[in-house]
Amino acid sequence: MMEPGSGPVSLLCLAATSGVPLFCRGAPTRHQLPFSVIGSLNGVHMFGSNLDVALTAAHTEGTRVLWRAFHESITLIVMSSEEGANDFTLSRLLDNVFSAMVLVLGLEELANIRNVERLKKDLRACYKLIDSFLTPAERTGDLTQCVECVLVPCSTTLQECLTAFTGAAESRFGCLLVGGRVAVATEPWWQLAPQEVNLLAWLVGSLLPSTTRDYPVYLPQGSPMVPHRLLTFQLLPGLDICLLCGPSPSLEAVETELVPRFWKPLLEPLRACARPPSVPLHPGVLAFLLINHEQKRSLSAVLPRGVQAEGPTLPLGSCASVLRAFYALVVSHYFSCEGSPVPPLEVPLGGGSHSARHCYVVSAGYKAYAAQAPPHQLFLLLAPEVPTFALRPLATHILQYLVGDAAF
C-alpha cells in the first residue's frame, strides 16, 4: 500500500436518459472537467447499455473510473487518480452521494425527472454535503457504513435527559452529536439504517453554523418519499441535539421552552463532553478504528503526535488517509464488511480455504495492523519504530481494552 497522494477526484451526475450533466464536483485540487471528457465518459456507458453490457468500472495506468445508474434516471460517474483509491472506496462514494441527494431532495424528484433545469438548481442544496464525502478528513462512517460514535463521560445522565427531552418534543428520534459523532441516542434513532444516521450527522456538519435549524429531510431507506423535520439545537460549540419530528412542535417552542428546561441543568456534563477524554493507548499508536458489526457502530481517532513515540512519521492529515486506505484494502481482500472473512484471492496449495483473522502492512513511514474477533474488527496505524513482532500482541491488548474496559 502506497502513501496517499494529493491526486484529484471528480464526480459527475447526469440525467440517465438524455446524458445532460446535472453537476460536476471535485476535490479542491481538481478543475472542472471539459465537456468533451464528460461526453466521452457518458457516451461509452450509454453505448454499452444499448448493447446490454453493464459497464461498471475501468482502470487505466493512473486513473480509476466507476459508473453507476440509479433508478434508470440518474447516472453517477467518479474518476480518481489518488493512489489510495480502489473500486471499494469509489463504490461507497457513489452510494453515499446518491443517498445524500435523496436525503435532501427525496426520491420522487430524482426517479422521475420532469424538469432538468429545475433539478439542476435544486441539487445545489446538496453540494456541501456531497463535497464532504469527497474530502472526508478524519471521518470513516462513509466507508464502514457503521454509525460513528464517541465515548463521553456521564453518558447515563445524558441518555436519561435525552429520552425525556425527546418525549417532551413529541418525538421518538433524538441524538446528541459531539464533533459530528453520536454520543447518546434514543433507541428508535439507533434503529434507523446506519447510513441514514451517518448522513444526518454529516448533513449537520455541512450546513452553515447556526444555533437552531428546522430542515426538511427524507430518509433514503425509511422514508424516501415523505419528508421529516430535522430540528437541531447547538448546546455548545461542537455539541448539537438533533430531533426528527412531524409537523409539531414548532422550532420556537422547543428552543425557548424545552431546551432550557432539560439541558441548562446539565451544563457541566455537556462541557465535559466538549472535552472528550483521550483513549489511553500505546504511545506508538497513530490512529485506530474499531468496528462493532453486531451493533453497526464504530469508534475511531487520530492521536496527536505529542503522545506518540519519537521519530519521523506521517503528519496528522495523512494518518486518517492512510488508515482509510488500509481499511479499504483489508475489507476488500481479506475481511468482509460484515465481520466474516471473504473468500481467499488464491486457493492454498493442497486445496481448502483460508480465513484471515490478522493482517499487517509495513512501510518506511508507518505500520498498520488489522485484527478481527467477530463481531469486532480493529484497524491500527502505528509508528514505524514499533517492532513488527509486537504488532499482534499490541493489537490484541488494545482490542480487549476497547471492547472490555471501554465497553464498546
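Reference entry: report on the structure contained in this document.

Parameters and conventions
Residues numbered from 1 in each chain as written. Predicted model: local features only at pLDDT ≥ 70, side-chain atom pairs only at ≥ 80, totals over all residues. Heavy atoms only, no water. Helix = DSSP H or I, 4+ residues; strand = E, 2+ residues; numbered from the N terminus. Buried < 20%, exposed > 50% of the residue type's maximum accessible area, 1.4 Å probe, protein only. Contact = heavy atoms within 4.5 Å. Areas by Shrake-Rupley, 256 points an atom, 1.4 Å probe, with all protein chains shown as cover. Salt bridge = Lys/Arg side-chain N within 4 Å of Asp/Glu carboxyl O. Bend = angle between axes of the 7 residues up to and from the residue. Pairing = 2+ DSSP bridges. Axes fitted to C-alpha atoms, helices over the stretch in contact; angles between N-to-C directions. Phe/Tyr/Trp six-rings, centres within 6.5 Å; stacked < 30°, edge-to-face > 60°. Lys NZ or Arg CZ within 6 Å of the ring centre and 35° of its normal.

### Some details on the overall build of the protein
Each helix and strand in the protein was counted, giving 13 helices and 16 strands. Here the protein, with 408 residues, has 51% of them falling under the buried criterion. Considering only contacts in the protein between residues 6 or more positions apart, those separated by 24 or more positions represent 60%. Only carbon and sulfur atoms are counted for the fraction: they give 56% of the accessible area of the protein, which is about 18,600 Å².

### A few points about the pattern of salt bridges
Applying the stated criterion to the full structure yields eleven salt bridges. In this structure, Arg118 and Asp122 form a salt bridge, with 3.8 Å as the shortest nitrogen-oxygen distance. In this pair, Arg118 and Asp122 are both assigned in helix 4 (residues 116-123), four residues apart and thus about one turn of the helix distant. Linked by salt bridges that have partners in common, Arg139, Glu148 and Arg181 make up one network.

### Overview of helix 10 (residues 251-263)
The sharpest bend along helix 10 reaches about 30° and sits at Glu257, with the proline Pro260 one to four residues further on. Where helix 10 is concerned, the buried positions are Val254, Leu258, Val259, Phe262 and Trp263. Close packing links the buried residues of helix 10 with helix 7 (155-168), strand 10 (223-236), strand 11 (239-245) and helix 11 (267-274).

### Re the environment of Gln159
With respect to the helices and strands, Gln159 occurs in helix 7. Each C-alpha atom, one on Gln159 and one on Leu176, is 8.9 Å from the other, the two residues being 17 residues apart in sequence. Ignoring any residue separated from it by four or fewer positions in sequence, one finds Gln159 in contact with Val184, Ala185 and Thr186.

### Describing unusual backbone geometry
In this model, Ser248 is joined to Pro249 through a cis peptide bond whose omega is 5°. The topology assignment puts Pro249 in the loop between strand 11 and helix 10. In this chain, Pro374 is followed by Pro375 through a cis amide linkage whose omega measures 10°. Assignment of secondary structure puts Pro375 in the loop between strand 15 (367-373) and strand 16 (376-382). Despite not being glycine, Cys154 shows a phi value in the positive range, around 60°. Among the secondary structure elements, Cys154 is positioned in the loop between strand 6 (147-149) and helix 7. Note on Cys154: relative accessible area 39%, which makes it partly exposed. Its identity is not glycine, yet Glu170 carries a phi of approximately 60°, on the positive side. Along the polypeptide, Glu170 turns up in the loop between helix 7 and strand 7 (173-178).

### Some points on the pairing of strand 1 (residues 9-15)
Within strand 1, seven of the seven residues are buried, which leaves it mostly tucked inside the rest of the structure. Burial along strand 1 is two-sided: Val9, Leu11, Cys13 and Ala15 facing one way and Ser10, Leu12 and Leu14 facing the other are all buried. Summarising the sheet, strand 1 and strand 5 (residues 74-80) pair through seven bridges and their orientation is antiparallel. Following the sheet pairing, Leu11 is matched in strand 5 by Val78. In this sheet, strand 2 (residues 21-26) lies alongside strand 1 in antiparallel orientation, the contact comprising five bridges. Bridged to Ser10 within strand 2 is Gly26. Where strand 1 folds back on strand 2, the antiparallel hairpin that results is connected by five residues, among which Gly19 adopts a positive phi of roughly 75°.

### Some words on the sheet that holds strand 2
A sheet is described by the order of its strands in space; here five strands give the open sequence 2-1-5-4-3, paired in antiparallel fashion. Pairing within the sheet leaves two strands with one partner each, and these edge strands are strand 2 and strand 3 (57-59). Between one strand axis and the next, the sheet turns by 10° as a mean value, whatever way the strands run. Two strands pair when backbone bridges link them, and strand 4 (residues 64-70) and strand 5 are joined in this way by seven bridges, in the antiparallel orientation.

### Points about the packing of aromatic side chains
Enumeration over the complete set of coordinates arrives at ten aromatic pairs. Plain terms: the ring middles of Phe133 and Trp202 are 4.7 Å apart, the flat faces sit at 15° to each other, and that makes the pair stacked. Of the two residues, Phe133 sits in helix 5 (residues 127-134) while Trp202 sits in helix 9 (residues 194-206), which places them 69 residues apart along the sequence. Exposure class is identical for Phe133 and Trp202. Each is buried. Ring centres 5.0 Å apart and planes at 70° place the aromatic pair Tyr327 and Phe379 in the edge-to-face group. Of this pair, Tyr327 sits in helix 12 (residues 316-333) while Phe379 sits in strand 16; the two residues are 52 residues apart in sequence, bridging distant segments of the chain. This pair shows no difference in class: Tyr327 is buried, exactly as Phe379 is. Among the aromatic residues, ring-to-ring pairing joins Phe88, Phe326, Tyr327, Phe335 and Phe379 into one connected group. We note Arg25 situated over the ring of Tyr127; from NZ or CZ to the ring centre the distance is 4.2 Å. Between the NZ or CZ atom of Arg297 and the centre of the ring of Trp190, over which it lies, the distance is 3.6 Å.

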